[in-house]
Amino acid sequence: MISNADLKRTVFDLVGSEHFPAEMVERVGGYTMSLPLFVEYLILDRDLGAEGWSNGNVYVGSDDDVDGYYAQLEAGRWPDHPVAYMTFSSLKDPSNTRLCRPGQTNMQVMTAAPRSYEFWGIEAGPASGGRYRLGDKYRERRAQVGESILEVAERALPGLRDSIVFSEAATPITHERFTWSTGGTSYGIECTPDQFLFNRPSPATPVRGLFLAGASTMGAHGIAGTMGGGVMAASAVAEANVQELVGHRLLG
Ligand SMILES: Cc1cc2nc3c(=O)[nH]c(=O)nc-3n(C[C@H](O)[C@H](O)[C@H](O)COP(=O)(O)OP(=O)(O)OC[C@H]3O[C@@H](n4cnc5c(N)ncnc54)[C@H](O)[C@@H]3O)c2cc1C
């Protein structure tokens, strides 16, 4: 059994902490999760490619106090100087006709966000059965955060808000609903020095037949990290270096 689900949920809910050594239960319980993301998915009624925009990502911020920024988010507060990260799906994948109509642009504006339920105006998360989507406080907060990052993005892309013809927001609570990740993050446990590389769980576990993959494991987060972690998990299952075997096959 290979679990690619959230590490804490795997240990505490799916398998049960009584099946693991006390030391591992304590370690997993003590891991700090990465901050989650808030995303505005947009379609603009303008063609940014025709306006000369490249398919690169754009990061907009106005303050270099990165530690202060993270501390505010960790404390469950909206930062004094929010940051917007813009990415343009239809410029990256221009032949994909399903992203938007000709003359339009499909883009996302995202940012790190507080994870606390209190910030999002809810008492319990969707993974434990909490309802959130229709709550007034939740909707108000979602609108505030969305407006705040669009305002920041507008500094790099004037006229952004006036050209939006479709928008849908995803909060950390949305992410928890669809993936059941702890704290609504897709980045697993935080990549800090005391939680990095050999300080992260390896694919083999003390439970016979149970292996781990995903962002919280040794390969770490992101697409490349989790793919690498998947190869490590396959190697642990096969008791062979799968990467080397695939390499030999590719090279003939
Ligand atoms: C908006 C956004 C943009 C991003 N952009 C980038 C980027 O540009 N580059 C990059 O490298 N990374 C990016 N990331 C991060 C990257 O997507 C994640 O780090 C990576 O997908 C994590 O992989 P994972 O396999 O650990 O988790 P996931 O991709 O979340 O996969 C876990 C899967 O397990 C399923 N699951 C959970 N519980 C159960 C259960 N009990 N039973 C069955 N299935 C279950 C979930 O539904 C989910 O499908 C981005 C993330 C987000 C949210």
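Residues numbered from 1 in each chain as written. Predicted model: local features only at pLDDT ≥ 70, side-chain atom pairs only at ≥ 80, totals over all residues. Heavy atoms only, no water.

**Thoughts on the sheet that holds strand β3 (residues 58-60)**
Part 1 of the reasoning: Spatially, five strands are ordered β3-β4-β5-β2-β6 in an open sheet, and the strand pairing comes out antiparallel. For this open sheet the edge positions go to β3 and β6 (164-170), each flanked by a neighbour on one side alone. Each strand axis lies, on average, 20° off the axis of its neighbour in the sheet, ignoring direction.
Part 2 of the reasoning: Here three bridges tie β3 to strand β4 (residues 84-88), and the two strands are oriented antiparallel to one another. Looking at β4, one finds that Val-58 is bridged to Met-86.
Part 3 of the reasoning: Against the sheet, helix α5 (residues 136-156) makes contact with β2 (37-44), β3, β4, β5 (105-112) and β6, and its axis sits at roughly 65° relative to β2, the strand it touches most. (Pairing = 2+ DSSP bridges. Helix = DSSP H or I, 4+ residues; strand = E, 2+ residues; numbered from the N terminus. Axes fitted to C-alpha atoms, helices over the stretch in contact; angles between N-to-C directions. Contact = heavy atoms within 4.5 Å.)

**Observations concerning the site of the ligand**
Part 1 of the reasoning: Near the ligand, the surroundings consist of 16 residues, among which Asn-4, Ser-186, Ala-215, Gly-222 and Ile-223 are the closest.
Part 2 of the reasoning: The side chain of Tyr-187 places a nitrogen or oxygen atom 3.3 Å from a nitrogen atom of the ligand.
Part 3 of the reasoning: Ile-223 is positioned such that a nitrogen or oxygen atom in its backbone is 2.7 Å from an oxygen atom of the ligand.
Part 4 of the reasoning: Coverage of the ligand by the protein amounts to 56% of the 1,000 Å² it exposes when considered alone.
Part 5 of the reasoning: Where the shell around the ligand is concerned, the elements lending two or more residues are β2, α6 (172-179) and α7 (222-238).
Part 6 of the reasoning: Among the residues forming the shell around the ligand, the class breakdown is eight nonpolar, eight polar and no charged.
Part 7 of the reasoning: For the shell around the ligand, the domains that each give at least three residues are domain 1 (2-32 + 193-250) and domain 2 (37-183). (Near = heavy atom within 4 Å. Polar contact = N/O pair within 3.5 Å; in protein donor to acceptor, adjacent residues only side chain to side chain. Areas by Shrake-Rupley, 256 points an atom, 1.4 Å probe, with all protein chains shown as cover. Nonpolar A, V, L, I, M, F, W, Y, C, P; charged D, E, K, R; others polar. Domains from an automatic or database assignment.)

**Some remarks on helix α3 (residues 66-74)**
Residues separated by three or four positions in an α-helix point in the same direction, a consequence of the helix having 3.6 residues per turn.
Part 1 of the reasoning: Listed as buried for α3 are Tyr-69, Gln-72 and Leu-73. An end-on view of α3 places all buried positions within 100° of arc, on one side of the element.
Part 2 of the reasoning: Tucked inside the fold, the buried residues of α3 contact β5.
Part 3 of the reasoning: Phi turns positive, to about 80°, at Gly-76, one or two residues after α3. (Buried < 20%, exposed > 50% of the residue type's maximum accessible area, 1.4 Å probe, protein only. Arc of directions from axis to C-beta.)

**Things to note about the side chain of Thr-87**
Part 1 of the reasoning: For Thr-87, the location among the structural elements is in strand β4.
Part 2 of the reasoning: Engagement of the side chain of Thr-87 in a polar contact is seen with the side chain of Asn-57, the distance being 3.1 Å.
Part 3 of the reasoning: In this view, Thr-87 contacts Asn-57, Lys-92, Met-107, Gln-108 and Met-110; residues no more than four positions away in its chain are not counted.

**A word on the domain arrangement of the protein**
Part 1 of the reasoning: Splitting the protein by domain gives domain 1 (2-32 + 193-250) and domain 2 (37-183).
Part 2 of the reasoning: Placing a centre on the C-alpha atoms of domain 1 and another on those of domain 2 gives a separation of 29 Å.

**Focus on a positive patch on the surface**
Part 1 of the reasoning: Positive charge collects at one region of the surface, where Arg-131, Arg-133, Arg-139 and Arg-177 lie side by side.
Part 2 of the reasoning: Assignment of secondary structure puts Arg-177 in helix α6. (Patch = residues over 30% accessible without salt bridge, like charges linked within 9 Å, V, L, I, M, F, W, Y side chains within 5 Å. Salt bridge = Lys/Arg side-chain N within 4 Å of Asp/Glu carboxyl O. Lys, Arg positive; Asp, Glu negative; His and termini not counted. Charge placed at Lys NZ, Arg CZ, Asp CG, Glu CD.)

**Observations regarding helix α2 (residues 22-30)**
Part 1 of the reasoning: Looking only at α2, the buried set comprises Met-24, Val-25 and Val-28. Down the axis of α2, the sector holding all buried residues measures 100°, keeping them to one side. Turned more than 90 degrees from where α2 packs its buried face, Ala-22, Glu-23, Glu-26 and Gly-30 sit exposed.
Part 2 of the reasoning: Where the residues of α2 are buried, they touch α1 (7-15) and β7 (211-212).

**A short note on the nonpolar core**
Part 1 of the reasoning: Counting 31 residues, the largest nonpolar core has Met-86, Met-107, Val-109, Trp-120 and Leu-160 as the members making the most contacts within it.
Part 2 of the reasoning: Secondary structure elements with two or more residues in this core: β2, α3, β4, β5 and α5.
Part 3 of the reasoning: The element best represented in this core is α5, accounting for six residues. (Core = buried A, V, L, I, M, F, W, Y, C linked by side-chain atoms within 4.5 Å.)

**Quick look at the side chain of Thr-205**
Part 1 of the reasoning: Mapped onto the elements of the fold, Thr-205 is located in the loop between α6 and β7.
Part 2 of the reasoning: Engagement of the side chain of Thr-205 in a polar contact is seen with the backbone oxygen of Leu-210, the distance being 2.7 Å.
Part 3 of the reasoning: In this view, Thr-205 contacts Leu-210, Phe-211 and Leu-212; residues no more than four positions away in its chain are not counted.

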